[in-house]
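Listed here are the chains, written in short residue letters.
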Amino acid sequence: MRSTIPAEAYIDETWFAREQQLLMRPLWQFVAPRMLLAKHNAFVTRNICGIEVVVQNFQGELKAFENICLHRQNPLQQQPQGIRPLVCSYHGWGYDSEGRVENIPFQDTAYRLPSQERECLKLRRFPLECIGNLVFVNVAPNSLKLDEQFSMEALSSLRSASEHFDSEVLIAILPTKLNWKLAYENLRDSLHPRYLHQQSVYQQVKFQVQMDEEAVKSAKHYHANGSAEHEMHLVHLREFSNGGLNEPLVQMPRYAWHDNVERYGSDDWYLNWLVFPNLHIASGSGGYSFIIEHHQPVSAARTDLIIYYITARKTRRYPTSAAVLLAHLEGAEKVLREDISVMERVQAALKPGAPRATLGDFEFGNMAVERWYMDVMEGRHAF
Ligand code: FES
Ligand SMILES: [Fe+2]
C-alpha cells in the first residue's frame, strides 16, 4: 500500500508550522517527569509546539505558564530545569502561583503603573495534568479532555508504571536532523530491530511482527475510508497510545542494585509504551529501570530527543545509583544512535516530490496513524 503522506510533510517548514497549529497544539503534550518538580520553586522550561512554557512548583502545586515576562518579554526561567522562584532576572518582577505580578521593585518611584493596569497583568496559563509521574500540558485555547486523547487503559498503565519511577533522574539531550514523524513511525515498526539492532537490543529481545489479521483488516478499511464521525476520529486517536508487556527477554539481566529498588511488575519482559504523538517509554530490564524518550519537534528537519534515565524507585539509598544511571545511558545510547543514524539518512534523502513510502500489512499501526494524521492536515477533522 502506498503511503498518503507526501515528502513535504517531513521537510517543508510551512507544512511544519501548520502541523504545529492544527495537530500538535490541540493535543496534550508531555513536558517532563514530575520527579524534576518535586520541591517548592522547582521548575522546567520546554518549548511546547512553538510556545515557551514554564512549569513551576508553588508550595507543592504545579502550574504551567508562558515563560515570558510581562514587562519586556524576557524569559522568566532560563534553564531547562532547576529550583528558583518565578522572578524575572532583568528587572526583578516576581510572579505568584496565579501568574499575577506580585512584586514590582521600584513600582512607586520608577514604574508608577496604575493599580488597574497592575491588576490586569497576568501570565498566560495553560492546563496541566499529571498521569502518575508524567506531566502534560495543553497549549490550545480549547483543550481536549485528557481521556479523549488517551484510553482509560493507557492512562492506568502509564500511571501505575510511572509511579514506580525513582526521584533520581539522568537527562540527556540529543539534537537530531530528522522530522519527529520518522521517530514515531520507526517505533511502530517491529521488523527493523532484527536488522538495525542485530548487535544491540535484538540480542536481548527478539521483536516479532504482530500479524493480527483483524487489526490489519480494520486498519486497511480505516486507511481507505477514514472516520465519518468526529467521535470515531477520537476513538482512533486513543488507539495510538498504549503499552506494557512487549516481548520476553532472552536473558533477564541481574544486577546487585536490583535489590535496592521496587521493581515494576514481575515479568522478565521488555516493556514498551507508545504515547502519541511523540513520547516513548521503555524498560529493557523487566521493570527495574526505564527510559523516557521525548521527541520534541524543533523544525521540519530537526528534532530534539530528550531522554530521561531512571530506575524503579529506591527502597534504600545506595552509593552507586548515579553510576547505574550512567551505565543505563551508555547501553541505551548505542541503540538510539542506530535508530537516529538510519532516520537521518532517510530524512536527508527526502526531497520535494520524492516517492512516498510503501507500507506492508505488518505496518498496520502506521497505516491507521497516517490516515488520522492526513484527516487533520487536510481539514477533514479538526479538534
Ligand atoms: S523584562 Fe522582566 S522584569 Fe523587566
Ligand atoms: Fe529501533
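Just so it is clear, the model here is predicted, and its values are computed rather than measured. (Residues numbered from 1 in each chain as written. Chains lettered and ligands numbered in written order. Predicted model: local features only at pLDDT ≥ 70, side-chain atom pairs only at ≥ 80, totals over all residues. Heavy atoms only, no water.)

K.L.:
Is there a simple way to explain the overall build of the protein in this structure?
P.N.:
Counting its secondary structure elements, the protein contains 13 helices and 16 strands. A compact globule built from 383 residues should have a C-alpha radius of gyration of about 21 Å, and the protein, at 22 Å, falls within 12% of that. Taken over the C-alpha atoms alone, the protein extends approximately 70 × 55 × 35 Å along its principal axes. The burial tally for the protein puts 53% of its 383 residues in the buried class. Contacts in the protein between residues far apart in sequence, at least 24 positions, make up 67% of those at least 6 positions apart. For the protein, the accessible surface area stands at approximately 17,800 Å², while carbon and sulfur atoms represent 51% of it. Side-chain charges in the protein split into 39 positive and 45 negative, and the spacing between the mean points of these groups amounts to 4 Å. (Helix = DSSP H or I, 4+ residues; strand = E, 2+ residues; numbered from the N terminus. Rg over C-alpha atoms; globule rule 2.2 N^0.38 Å. Buried < 20%, exposed > 50% of the residue type's maximum accessible area, 1.4 Å probe, protein only. Contact = heavy atoms within 4.5 Å. Areas by Shrake-Rupley, 256 points an atom, 1.4 Å probe, with all protein chains shown as cover. Lys, Arg positive; Asp, Glu negative; His and termini not counted. Charge placed at Lys NZ, Arg CZ, Asp CG, Glu CD.)

K.L.:
Just checking my understanding: could you explain the pairing of strand S1 (residues 29–33) for this structure?
P.N.:
A regular strand places its side chains on the two faces of the sheet in alternate fashion. Burial analysis of S1 places five of its five residues in the buried class, the great majority of the element. Sheet analysis places S1 next to strand S10 (residues 134–137), joined by four bridges and oriented antiparallel. Residue pairing across strands places Ala32 opposite Val135, the latter belonging to S10. (Pairing = 2+ DSSP bridges.)

K.L.:
Before we go on, may I ask you to explain the coordination of the iron ion (ligand 2) in this structure?
P.N.:
Ideal geometry at a metal centre gives angles of 109.5 degrees when four donors are arranged tetrahedrally and 90 or 180 degrees when six donors are arranged octahedrally. For the iron ion (ligand 2), every protein donor is listed as His192 (NE2), His197 (NE2), Asp339 (OD) and Asp339 (OD), and the spread of their distances is 2.1 to 2.5 Å. In this structure, the iron ion (ligand 2) is coordinated by four donor atoms arranged in irregular fashion, with angles at the metal of 57 to 152°. When the donors of the iron ion (ligand 2) are listed by position in the chain, the intervening gaps give H-x4-H-x141-D. Within this pair, whereas His192 is found in the loop between helix H7 (180–187) and helix H8 (193–196), its partner Asp339 is found in helix H12 (residues 321–349), the two being separated by 147 residues in sequence. Like Asp339, His192 is buried. (Donors = N, O, S within 2.8 Å, 3.2 Å for Na, K, Ca; no water. Tetrahedral: all angles 85-135°; square planar, octahedral: opposite > 155°, others 65-115°.)

K.L.:
Hey, could you run me through the packing of aromatic side chains in this one?
P.N.:
This structure, assessed with the given rule, holds 16 aromatic pairs. Site record: aromatic cluster; members linked through ring pairs are Trp180, Tyr184, Phe240, Phe276 and Trp372. Here Lys181 stacks its cationic end above the ring of Tyr10, 5.0 Å away from the centre of that ring. A cation over a ring is seen here: Lys206 above Tyr202, with NZ or CZ 4.4 Å from the ring centre. (Phe/Tyr/Trp six-rings, centres within 6.5 Å; stacked < 30°, edge-to-face > 60°. Lys NZ or Arg CZ within 6 Å of the ring centre and 35° of its normal.)

K.L.:
Would you take a moment to explain the pattern of salt bridges for this structure?
P.N.:
Pairs can form between side chains of opposite charge whenever their charged atoms are close. In this structure the tally under the stated criterion is 18 salt bridges. For Asp166, the salt bridge goes to Lys314, with nearest N and O atoms at 2.6 Å. Residue Asp166 is located in the loop between helix H6 (152–162) and strand S11 (170–176), and its partner Lys314 is located in the loop between strand S16 (302–311) and H12; the two are separated by 148 residues in the primary sequence. On the basis of relative accessibility, which here comes to 5%, the residue Asp166 falls in the buried class. Since its relative accessible area comes to 23%, Lys314 is described here as partly exposed. Note that Lys334 and Glu338 form a salt bridge whose closest N and O atoms lie 3.5 Å from each other. Placement of both Lys334 and Glu338 in helix H12 is noted, with a separation of four residues, approximately one turn of the helix. Of the residues examined, Lys334 reaches a relative accessible area of 44% and is grouped as partly exposed. (Salt bridge = Lys/Arg side-chain N within 4 Å of Asp/Glu carboxyl O.)

K.L.:
Help me understand the nonpolar core in this model?
P.N.:
Note on soluble globular proteins: their nonpolar side chains tend to be buried together. Judged by nonpolar contacts, the single largest core of 96 residues is most densely connected at Val55, Phe136, Ile292, Tyr309, Trp372 and Tyr373. Excluding anything up to four places from it in sequence, Trp372 contacts Leu23, Leu27, Tyr222, His233, His236, Leu237, Phe240, Phe276 and Phe383. Counting 15 residues, the second-largest nonpolar core is a separate cluster that includes Phe65, Cys69, Leu76 and Leu113. (Core = buried A, V, L, I, M, F, W, Y, C linked by side-chain atoms within 4.5 Å.)

K.L.:
In this structure, what is going on with unusual backbone geometry? I would like to understand it.
P.N.:
The bulk of non-glycine residues show a negative phi, and the bulk of peptide bonds are trans. Omega for the peptide link from Phe276 to Pro277 comes to 10°, which places this bond in the cis form. Mapping Pro277 onto the fold places it in the loop between strand S13 (269–275) and strand S14 (279–283). Backbone geometry places Asn41, a non-glycine residue, at a positive phi of 75°. Note on placement: Asn41 falls in the loop between S1 and strand S2 (42–48). Positive phi outside glycine occurs at Phe106, with the angle close to 65°. Residue placement: Phe106 occurs in the loop between strand S7 (101–103) and helix H3 (107–111). For Phe106, a relative accessible area of 64% corresponds to the exposed category.

K.L.:
Help me out: how do you make sense of the sheet that holds S11 in this one?
P.N.:
Strand pairs in the sheet, formed through backbone hydrogen bonds, run parallel or antiparallel to each other. Taken together, the six strands give an open sheet; going across it, the order is S11-S16-S15-S14-S13-S12, and neighbouring strands pair in antiparallel fashion. At either margin of the open sheet sits one strand with a lone partner, and together these are S11 and strand S12 (242–248). Between one strand and the next, the sheet's axes are offset by a mean angle of 20°, whatever the strand orientation. Bridge analysis of S14 against strand S15 (residues 289–299) gives four bridges, and the strand direction is antiparallel. Bridge pairing in S15 places Ala282 opposite Ile291. Each of S12, S13, S14 and S15 touches H6; the most contacted strand, S13, lies at about 125° to it. (Axes fitted to C-alpha atoms, helices over the stretch in contact; angles between N-to-C directions.)

K.L.:
Before we go on, may I ask you to explain the sheet that holds S1 in this structure?
P.N.:
With antiparallel pairing, three strands are arranged side by side in an open sheet as S1-S10-S9. The open sheet has two edge strands with one neighbour each: S1 and strand S9 (128–131). Mean inter-strand twist for the sheet, computed between neighbouring axes without regard to direction, equals 30°.

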